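Remarks on the overall topology
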Amino acid sequence: MRSDTSKLGFILLLAPLLIWLLTLIILPHVGMFIVSLREKVGIREYETGFANYAVFFNEPLYWNTFARTAYMSITATFLTLLIGFPIAYYIAKLTRGRTKTTLFLMCLIPFWVSELVRTFGWMILLRETGVVSSFLQYAGLTSAPIEFLYNDAAIMTGLVYTSMLFMVVPLVTTLDSLDDSLIEAGYDLGGSSLSILREIVIPHAMPGIVSGCIVVFMLSLGNYLTPILLGGKDSLWFTGLIYSQFITRFNWELGSAFGFLLLGLSSLIVFLALKLSGQSLGKTMGR
Amino acid sequence: MITTIPQSTAFRWTYRAYVTLFFIYLALPLVTVCVFAFNDSVFPSLPWDGFTWDWFFGTETPRIGVFHERPILRSIVTSGVVAFWVSGLSVIVGTCNAFLFVRHDFRGKNLLYILMLLPLIIPGIILGISILVFSSSIANTLEEATGLWFDGLRPGLILVVLGQFSFITTFATLVISARLQKFDSSLEEAALNLGASKWGAIRQVTLPFLFPAMLAAAVVAVLMSFENFNTTLMLVGSDAPLTVTMFDRLKLGSTPVLNAVSLLLIVVSAVLGLLSLLLKRED
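Sequence order sets the numbering: in each chain, residues are counted from 1 along the sequence as written. As a convention, the first chain written is A and the first ligand written is 1, with the rest following in written order. For a predicted model such as this one, the threshold for reporting local features is a pLDDT of at least 70, and the threshold for listing and counting side-chain atom pairs is 80 or more; totals across whole chains, interfaces and linings nevertheless cover every residue. The basis for every side-chain value is the complete set of heavy atoms in the structure, and neither hydrogens nor water enter the calculation.

Details of the overall build of chain B
What chain B contains, in helices and strands, is 11 helices and two strands. Listing the helices and strands of chain B from first to last along the sequence gives α-α-β-β-α-α-α-α-α-α-α-α-α. Whereas a compact globule of 283 residues would reach a radius of gyration of roughly 19 Å, chain B reaches 24 Å, over 25% beyond that. Counting every position in chain B, which comprises 283 residues, the buried fraction comes to 51%. Just so you know, the count uses Lys and Arg for positive and Asp and Glu for negative, and it drops His and the chain ends. The location of each charge is read from NZ of Lys, CZ of Arg, CG of Asp or CD of Glu. Charged side chains in chain B number 17 positive and 17 negative. The centres of these two groups are separated by 9 Å. Secondary structure is summarised from DSSP: a helix means a run of H or I of at least four residues, a strand means a run of E of at least two, and numbering begins at the N terminus for each. Between the two quantities, the radius of gyration covers C-alpha atoms and the globule rule is 2.2 Å times the number of residues to the power 0.38. Exposure is judged per residue with a 1.4 Å probe applied to protein chains only, and the accessible area is read against the type maximum: over 50% gives exposed, under 20% gives buried, and values in between give partly exposed.

Structure follows, in structure tokens:
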């Protein structure tokens, strides 16, 4: 009797998980894959095949955009790590008590604010009549307004800003757990700052670095707002292509193929990152 | 603080300057957005034309403030309704998941755990389109078979809620599991020894212990739902939530009314964010 009720309880707990995963995650992706294999041969007539994928590979604009999105996202990830690491180290190791809490909170606040608002802030700063341009004119550094928006540098600024917190927060968490005495021991044994960073700090922070990089890369790759708003109409971001196939052109077959390619790319890079660093998804993401 | 480590004064000051610059960079866009909400001009840009409350309380065109701007108020209500359902659903499912993963051992547990984490690494826009494609094909099949209309499966608020729920549940599961792992199960056993039923012990002992984490998960879910854009954009019908409405406005050209909305959003998100931290601190 007792084992019967516990079995019932188990099934009742399992059901929501299975329903959620099946109807909202697994089946939709399978469905999307099936749609991506549909070739339109006439009105309401379809055949199965890889024609949509062939369209992608035969049209340079499509795969150029794809490669560009990947390349820009990887660059953004590196920049975020490079800028964020010293900050995380400062918060985790060089401050304590109230200062530490305050700095950490200051990092978190922009992360809570809508991405749209953050991007909007950068638009006000960078546009031709914006704050930066006006300030430069006021300071006498330039005589005419400068347009800082609608180029790759603007997109990069926005991407790094948007994802910074997703890098800093896991880094602070892992660096916090590094015992200070290990660093001191490194110095006692005659290590230089650089060798200690390389041999003690970075290896210890690796789970944080990997999970930060994965999240930042994913967010950049799947970002839509920042490239469209800061990069202007010609910003060429792959999610923009997916959106236009779905909503503007109503070509769901090609859009699904694009979606699947993006998903494939992101999974591949996440997989490679996990393999190269010897981490696992459960360990890094399921914190 | 590591005080024993030798560092040159120059290095220390460079480091501090770098950290200061970083925090200026973090604050700059948000501060700018807030400041321009009070600029007495119809564009959110320089020159500064003086201070005004018009973008909050103005009633005449072109200076209709947020509190009199119907479409924006309506989209805030829409966002609120969506956030309510997303947060409720994801906390319920998240709590079940937490009990399942923390308390039970079964075949395929690891696989299910990895599947549960997947929404973290699927781009939001792809979650959106896959749900869009899937629900439309079901709607088409059902409509052909029955001749009835299934509007709930077409882009609209139900799909927006489901789309956001699909990935926010993962976050809720992680937050609630973390707290459940810290639960001392001898407390529950004590309740059982004292004659409580299994469900009674969970309701009287375990759930009150979990409550702060559930509330924190709910607050985080509301925040994430409010600010979500990518998934929502693909599933939105005629009633647009706030972020989509603001995006449409931004594409047309912005007025300081958007700064005023943004300022309100910043304040509300900061308050909710701090609240979720306070709740988690009870751990």
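Some points on a nonpolar patch on the surface
For patches, a residue must show more than 30% relative accessible area and have no salt bridge; joins then use 9 Å for like charges and 5 Å for nonpolar side chains, namely Val, Leu, Ile, Met, Phe, Trp and Tyr. Computed with the Shrake-Rupley method and a 1.4 Å probe, the accessible areas treat only the protein chains shown as cover for residues. Any Lys or Arg side-chain nitrogen located within 4 Å of an Asp or Glu carboxyl oxygen qualifies as a salt bridge. On the surface, a nonpolar cluster with roughly 530 Å² of combined accessible area is contributed by B:Phe51, B:Trp53, B:Phe57, B:Phe67 and B:Leu73. Note on placement: B:Trp53 falls in the loop between α1 (9–36) and α2 (54–57).

Comments concerning the interface of chain B and chain A
Residue contacts are defined here by distance: any two heavy atoms, one from each residue, within 4.5 Å place the two residues in contact. Across the boundary between the two partners, chain B contributes 79 residues, which contact 90 residues of chain A. Taken together, the connections running from chain B to chain A amount to one salt bridge. The shortest N-O distance in the salt bridge between B:Glu227 and A:Arg118 comes to 3.6 Å. Residue contributions to the side of chain B that touches chain A peak at 14 residues, all from α1(B). Classification used: nonpolar for Ala, Val, Leu, Ile, Met, Phe, Trp, Tyr, Cys and Pro, charged for Asp, Glu, Lys and Arg, polar for all others including Gly. For the side of chain B that touches chain A, the residue count by class is 58 nonpolar, 17 polar and four charged.

Focus: empty space enclosed by the protein
Residues and elements named next belong to chain B. Within this scheme a cavity is a closed region of a 1 Å grid, computed over the protein atoms alone, that accommodates a 1.4 Å probe without allowing it to escape, whereas a pocket is open but has protein on both sides within 12 Å along at least five of seven lines; lining residues each have an atom within 4 Å of a point. Grid points are joined across faces, edges and corners, and a volume is the space filled by probe spheres set on the points. This model, assessed by the stated rule, comprises one cavity of 30 Å³ or more. In this structure, the largest cavity encloses a volume near 50 Å³. Lining the largest cavity, in full, are Ser 79, Val 82, Gln 164, Ser 225, Phe 226, Asn 228, Thr 232, Pro 241 and Thr 243. Mapped by element, the contributors of at least two residues to the lining of the largest cavity are α3 (70–103) and α8 (198–227).

Side note on the packing of aromatic side chains
Residues and elements named next belong to chain A. Working definition: rings of Phe, Tyr and Trp (its six-membered ring) pair if their centres are within 6.5 Å, and the pair is stacked with planes under 30 degrees apart, edge-to-face with planes over 60 apart, and tilted otherwise. Here the structure, examined in full by the defined rule, presents 26 aromatic pairs over all chains. On the basis of an interplanar angle of 70 degrees and a centroid distance of 4.9 Å, the ring pair of Phe 66 and Phe 238 is categorised as edge-to-face. Placement of Phe 66 in helix α3 (residues 60–94) and of Phe 238 in helix α11 (residues 238–248) is noted, with a sequence separation of 172 residues between them. The residues Phe 66 and Phe 238 share a single accessibility class, namely buried. Relative to Trp 252, the ring of Phe 246 lies with its centre 5.6 Å away and its plane at 40 degrees, an arrangement referred to as tilted. Assessed through its relative accessible area of 1%, Phe 246 is described here as buried.

Some words on the UniProt feature "transmembrane region" (unreviewed entry) in chain A
Residues and elements named next belong to chain A. UniProt positions are given in the numbering used here, feature names are shortened, and annotations may be inferred rather than shown by experiment. The feature "transmembrane region" (unreviewed entry), as annotated in UniProt, sits at residues 12–35, 70–91, 103–125, 153–172, 208–230 and 250–274 in this numbering. For residues 12–35, the end-to-end C-alpha separation is 33 Å, with 100% helix and 0% strand making up the annotated structure. Strand forms 0% of residues 153–172 and helix 100%; the C-alpha atoms that close the span are 27 Å apart.

What to know about the UniProt feature "transmembrane region" (unreviewed entry) in chain B
Residues and elements named next belong to chain B. Here the UniProt feature "transmembrane region" (unreviewed entry) sits at residues 17–38, 76–100, 112–136, 156–176, 207–226 and 257–279. The span residues 17–38 is 91% helical and 0% strand by assignment, and the distance between its end C-alpha atoms comes to 31 Å. Note that residues 76–100 is 100% helix and 0% strand, and that its end C-alpha atoms are spaced 35 Å apart.

Quick look at the nonpolar core
Put simply, buried Ala, Val, Leu, Ile, Met, Phe, Trp, Tyr and Cys residues joined by side-chain atoms within 4.5 Å make one nonpolar core. Counting residues in hydrophobic clusters, the biggest one holds 154 residues, and the most contacted among them are A:Leu17, A:Trp20 and B:Phe22. Sorting elements by how many residues they give to this core places α3(A) first, with 12 residues. Here B:Phe22 is in contact with A:Ile83, A:Ile87, A:Cys107, A:Met164 and A:Val168, once residues within four sequence places are set aside. Residues A:Met72, A:Ile155, A:Leu159 and A:Trp237 belong to the second largest nonpolar core, which totals six residues.

Observations concerning the environment of B:Leu73
Residue and element names in this part refer to chain B. By the secondary structure assignment, Leu 73 is in helix α3. Taking relative accessible area as the criterion, Leu 73 reaches 31% and is therefore assigned partly exposed. Sequence separation of Leu 73 and Val 261 is 188 residues, and the distance between their C-alpha atoms is 9.8 Å. Leave out the neighbours within four places in its chain, and Leu 73 touches Val 66 and Phe 67.

A closer look at the environment of A:Ala273
Mapping A:Ala273 onto the fold places it in helix α12 (residues 252–277). Considering only alpha carbons, one finds A:Ala273 and A:Val210, 63 residues apart in sequence, at a separation of 7.3 Å.

Some words on the packing of α3(A) against α1(B)
Fitted lines through C-alpha atoms give the axes, limited to the stretch in contact for helices. The angle between two N-to-C directions lies from 0 to 180 degrees. As a packed pair, α3(A) and α1(B) sit with axes 10 Å apart at the nearest point and diverge in direction by 110 degrees. Considering the angle they form, α3(A) stands roughly perpendicular to α1(B). Both α3(A) and α1(B) take part in a crossing whose hand is left-handed. Residues A:Leu82, A:Ile83, A:Pro86, A:Ile87, A:Tyr89, A:Tyr90, A:Ile91 and A:Leu94 of α3(A) form the contact with α1(B), whose own contacting residues are B:Tyr15, B:Arg16, B:Tyr18, B:Val19, B:Phe22 and B:Phe23. A breakdown of the residues in the contact of α3(A) with α1(B) according to their chemical character gives 13 nonpolar, no polar and one charged. The cut-offs work like this: below 35 degrees is roughly parallel, past 145 is roughly antiparallel, 65 to 115 is roughly perpendicular, and the gaps in between are oblique. Whether a crossing is left-handed or right-handed is set by the direction in which the near helix is turned from the far one by less than a right angle, anticlockwise for left-handed and clockwise for right-handed.

Brief notes about the confidence of the model for chain A
In low-pLDDT regions, the fine details of the predicted coordinates are not to be read closely. What pLDDT reports is the predictor's confidence in each residue, on a scale of 0 through 100. Averaged over all residues, the pLDDT of chain A is 82; the fraction at 70 or higher stands at 95%. Of all the helices and strands in chain A, helix α13 (residues 281–285) of chain A carries the lowest mean pLDDT, 65, while α3(A) carries the highest, 89.

Section: the packing of α8(B) against helix α11 (residues 256–281) of chain B
Relative orientation and spacing of two packed helices are given, respectively, by the angle between their axes and the distance between those axes. Residue and element names in this part refer to chain B. Contact geometry for α8 and α11: axes closest at 8 Å, N-to-C directions at 160 degrees. In terms of orientation, α8 and α11 fall into the roughly antiparallel class. As for how α8 packs across α11, the hand of that crossing is left-handed. Residues Pro 212, Leu 215, Ala 216, Val 219, Val 220, Val 222, Leu 223 and Phe 226 of α8 form the contact with α11, whose own contacting residues are Leu 265, Ser 269, Leu 272, Gly 273, Leu 275, Ser 276, Leu 279 and Lys 280. Looking at the contact of α8 with α11, its residues break down into 12 nonpolar, three polar and one charged.

So, the environment of B:Ile129
By the element assignment, B:Ile129 lies in helix α5 (residues 124–146). The exposure class assigned to B:Ile129 is buried, which follows from its relative accessible area of 0%. Spatially, the C-alpha atoms of B:Ile129 and B:Leu235 are 7.6 Å apart, while their sequence positions differ by 106 residues. Not counting chain neighbours up to four residues away, the residues in contact with B:Ile129 comprise A:Met32, A:Ile242, A:Phe246, A:Gly255, A:Gly259 and B:Met234.

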